[in-house]
Structures are given as structure tokens and as C-alpha cells.
Amino acid sequence: MASHVTAVFLAFFFVFSGSVAAIENFDYYYFVLMWPGSYCKQSSAGCCLPKTGKPELDFFVKGLFPYSTDGTALIDCNKSPFYTNEISDLESELLKYWPNIKCPSSEGKYLWRNTWNAYGVCSGLSEHDYFNKALELREKIDLLSIFNKNGIVSTDYADYSLANVKKAILGGIGASAAIRCSKNQWDESQVYEIYLCVDKDAKTIIDCPVLPVSNCDPRVVFGSFTYDMLKNVTSLTANPIRMRAMNSM
Ligand SMILES: *[C@@H]1O[C@H](CO)[C@@H](O)[C@H](O)[C@H]1NC(C)=O
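Throughout what follows, the structure given in this document is the object of discussion. Computed from a predicted structure; not experimentally measured.

Brief notes about the overall build of the chain
Link 1 in the chain: Helix and strand counts for the chain stand at eight helices and nine strands.
Link 2 in the chain: Sorting the 249 residues of the chain into buried and exposed places 42% on the buried side.
Link 3 in the chain: Sequence separation of 24 or more characterises 79% of the internal contacts of the chain that already satisfy a separation of 6 or more.
Link 4 in the chain: For the chain, the computed accessible surface area is about 13100 Å², with 55% contributed by carbon and sulfur atoms.

Shown next, in the form of C-alpha cells:
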């Protein structure tokens, strides 16, 4: 009898621990911030005002991505549905710092749902913790202040040495970061995404076990981000100027 109970217990234990291990089978997070000014300038589509209103003029959160030391991302784990009401207390902060500025004008919740489905469920965190930890990291890091304190201000009339941008991050955060660049419409290398590494506690910033390869030029642009860049386009066909231009071709 006793051994029977033990066997059942062990069976449950293995099933349970097996599923937990599958979920948390990663070594660290990449916490990725993105500069919306660069997003707006990297394609002719530009960027759009979220349907929910104006975000902050600051770095946005792109996500908290579980990675393993061999450099692979943990994605598309078990399906765990996304419920907007689980993060309703975080919504005002998410709209400021994790908005959807893709065109046409959209709502952040689609972006949050996609990020949760692809990466959040792999973290082993609850939905609320996943978004809350990411917002807390953004606030703690306050990357724009670090940039500004080091004389790296967003402007369309200057460029910066990539080495100095990296030095500013290292000095301000105490850990190295990887910078990913994109090209603006004038073919200049612009600061687009900042990758920082975070321990599995989703809180402690660590030196990256593996840094993503930087694709930036030695000199980079950190262009402006202003509200007039956010177009209010509620549907793709609602732009009469573009329609006329296409018809006359
Ligand atoms: C954006 O456009 C929609 C539809 O035309 C309008 O209802 C809304 O007030 C506009 N938002 C702003 C901030 O101008």
C-alpha cells in the first residue's frame, strides 16, 4: 500500500516537475528597449498615433525575452490565454511606455497579446508579473536620462560615436549592452534597439552571457521623437493624398 502511494506520488512529481522545467528552460532575459524616433524614420510608412492617445516621448519597451546561453530564444511555449483585465492596473503605464505606434493607428493590447503569446508564456511568470517586471525594469533603468546626462540628446542635426553611446550605458547601468541599429530614410545608421541582460529573477541586470551582434556604423544618429511624427491614420485607405497619388500613376 505504502509503495503504491509512493509510486503515484512520484508519477505526479515527475509530470509536474517536467512541465515546470520545460517552461523555465532558459538562462537569462534580454530586456529590449526601442527608440520610437528611429522606428518612425526607418520606413516611409512612418509611425501612427495609438488609438488610445499619446505615449511618452521616451524609450519604449519591446519585451522581456527568455534566452538560453547558446543564444537561442525560448518562444511559443504552451498556450496560456491573454486576458486584458489581468493587467488593467498596468494599462496606463503600458500605454505610455509600451504602446503600438505601427500604422495604421492601433491599440497596444494587440502588441501585448502577441508578446505574451510568443515570449511571456515561456517565462514562467504570470501575465501580470511579466508586464509589471518589464515596466519596473524600464523605470529603474531610465535610459533616456542616462543618455541625456552624457550629452546624448535626440536630435536630427548631430551624430554620436557608437563607442561613446556604449560607454554612457556601461557607466549608467553598470553592465554592457548591445545596440542594434536601423537605417533611416537618409541611409544613416540610427540607434534603434538596446539589449540589456536580466537575471531569471526578471529584476537584476547582469552582464550578457551572449551579446547580440551590433550592426551599427561607428557613428550613429539618435534622431528626434516628437508628437507631430505620430500620424493619425485610422485606416490604410483613409489617406486621400496617397489615394490620389496612386490613382494618377
Ligand atoms: C484621430 O482621428 C480620429 C478619426 O478621424 C478622431 O476621432 C480622433 O479624435 C483623432 N485623434 C486625435 C488625437 O487627433
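Here the narrative resumes, following the displayed structure.
So, the pattern of salt bridges
Link 1 in the chain: Applying the stated criterion across every chain yields a total of seven salt bridges.
Link 2 in the chain: Between Lys41 and Asp156 there is a salt bridge, with the nearest N and O atoms lying 3.4 Å from each other. Separated by 115 residues along the polypeptide, Lys41 in helix H2 (residues 36-41) and Asp156 in the loop between helix H6 (143-149) and strand S4 (160-161) bring together distant segments of the chain.
Link 3 in the chain: With relative accessibility at 9%, the residue Lys41 sits in the buried group.
Link 4 in the chain: For Arg219, the salt bridge is made with Asp159, and the minimal N-O distance between the two is 3.1 Å. Within this pair, whereas Arg219 is found in strand S8 (residues 219-220), its partner Asp159 is found in the loop between H6 and S4, the two being separated by 60 residues in sequence.
Link 5 in the chain: With a relative accessible area of 36%, Asp159 lands in the partly exposed category.

Examining the packing of aromatic side chains
Link 1 in the chain: Applying the stated criterion to the full structure yields 17 aromatic pairs.
Link 2 in the chain: Residues Trp35 and Phe222 carry aromatic rings whose centres are separated by 4.5 Å and whose planes lie at 40° to one another, so their mutual orientation is tilted. Of this pair, Trp35 sits in the loop between strand S1 (28-34) and H2 while Phe222 sits in the loop between S8 and strand S9 (230-231); the two residues are 187 residues apart in sequence, bridging distant segments of the chain. Take Trp35 and Phe222: they sit in the same class, and that class is buried.

Thresholds applied
Residues numbered from 1 in each chain as written. Predicted model: local features only at pLDDT ≥ 70, side-chain atom pairs only at ≥ 80, totals over all residues. Heavy atoms only, no water. Helix = DSSP H or I, 4+ residues; strand = E, 2+ residues; numbered from the N terminus. Buried < 20%, exposed > 50% of the residue type's maximum accessible area, 1.4 Å probe, protein only. Contact = heavy atoms within 4.5 Å. Areas by Shrake-Rupley, 256 points an atom, 1.4 Å probe, with all protein chains shown as cover. Salt bridge = Lys/Arg side-chain N within 4 Å of Asp/Glu carboxyl O. Phe/Tyr/Trp six-rings, centres within 6.5 Å; stacked < 30°, edge-to-face > 60°.

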